[in-house]
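Report on the structure
So you can see what is in the structure, the chains are spelled out below.
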Amino acid sequence: MPINHISSVNINQTSFTHNPHKNKDSQSSKLKWGVTAASALGVGTAYALIAKKQGFSLNPKRIWNTPVKDWAVIKTFDKNHPDRKLIKLEEPQILALAGGSVAGGFTAGALLDDKKHLKAKGKEALNQMLGNVFIPVMFVGGVSRFYDKFKKQILSHVPQIKSEAKTAKFLNKVAKNIPSIALTAVGLGAGIITGNKVSN
């Protein structure tokens, strides 16, 4: 076999075995999974610290012996046990959880991706925290405090059906929830719009 023919065969084999697009897709997939896992780890760490600060045990043995329905992450309000201890997730805790997610994602991106993208990733992380989390949460929190302060006055203007029928009671209950839902939606919408303008 002539030498130039051998060379052409080797070159053709190399072109099939080395696919730059395949390597790029593989790297992109690795980065995506790495960022997702790191974000989840960040949220989990933040949640664990919040739970610990609020008096929930992080002892693995104690958690294992606790029914799943009573775990801090799952525990919900029970009208039969109104005094049961629940984890509180208000503005500081929400910001901590979001911060854990963003910090985890940024760290994974910095470690797994090309270093030339580091500055852009830092800017993206800052934009996410400021525009997508901090400002909307502050708006919703402000609206929530306003509603709590003037709850009686606001609910006094909500029309109620004067009847003891089950349907009337249900409609009255729904009507009383409308102001809270509406104000929260307005606060969230305003926060998202403002956050996008500030971060951009």
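Residues numbered from 1 in each chain as written. Predicted model: local features only at pLDDT ≥ 70, side-chain atom pairs only at ≥ 80, totals over all residues. Heavy atoms only, no water.

1. Some points on the packing of helix α4 (residues 91-112) against helix α5 (residues 118-149)
Interhelical geometry of α4 versus α5 gives an angle of 170 degrees and a closest axis separation of 10 Å. If you check the angle between α4 and α5, you find them roughly antiparallel. Within the contact of α4 with α5, the residues separate by chemical class into 13 nonpolar, six polar and three charged. (Axes fitted to C-alpha atoms, helices over the stretch in contact; angles between N-to-C directions. Helix = DSSP H or I, 4+ residues; strand = E, 2+ residues; numbered from the N terminus. Parallel < 35°, antiparallel > 145°, perpendicular 65-115°, else oblique. Nonpolar A, V, L, I, M, F, W, Y, C, P; charged D, E, K, R; others polar.)

2. Focus on the nonpolar core
Judged by nonpolar contacts, Ala46, Tyr47, Ile50, Ala51, Phe56, Ala72, Ile87 and Leu97 together constitute the single largest core of eight residues. Among the elements that line this core, the one with the most residues is helix α2 (residues 20-53), at four residues. (Core = buried A, V, L, I, M, F, W, Y, C linked by side-chain atoms within 4.5 Å. Buried < 20%, exposed > 50% of the residue type's maximum accessible area, 1.4 Å probe, protein only.)

3. Quick notes on the layout of surface pockets
Volume-wise, the largest pocket comes out at about 390 Å³. Residue lining of the largest pocket: 16 residues in total, with Phe56, Ser57, Ile63, Trp71 and Ala72 positioned closest to the centre. The greatest single-element share of the lining of the largest pocket, amounting to three residues, is contributed by α2. Counted by class, the lining of the largest pocket contains nine nonpolar, three polar and four charged residues. (1 Å grid on protein atoms, 1.4 Å probe; cavity = no way out; pocket = protein on both sides within 12 Å on 5 of 7 lines; lining within 4 Å. Points joined across faces, edges and corners; volume = space filled by probe spheres on them.)

4. Observations concerning the pattern of salt bridges
Two side chains carrying opposite charge are able to pair once their charged atoms lie near each other. The full count for this structure, using the stated rule, is two salt bridges. The partner of Arg145 in a salt bridge is Glu91, and the shortest N-O contact between them spans 2.7 Å. Linking Arg145 in helix α5 with Glu91 in helix α4, this pair joins segments that are 54 residues apart in sequence. For Arg145, a relative accessible area of 48% translates into the label partly exposed. With a closest N to O distance of 3.6 Å, Lys169 and Glu164 form a salt bridge. Given the relative accessible area of 46%, Lys169 is considered partly exposed. (Salt bridge = Lys/Arg side-chain N within 4 Å of Asp/Glu carboxyl O.)

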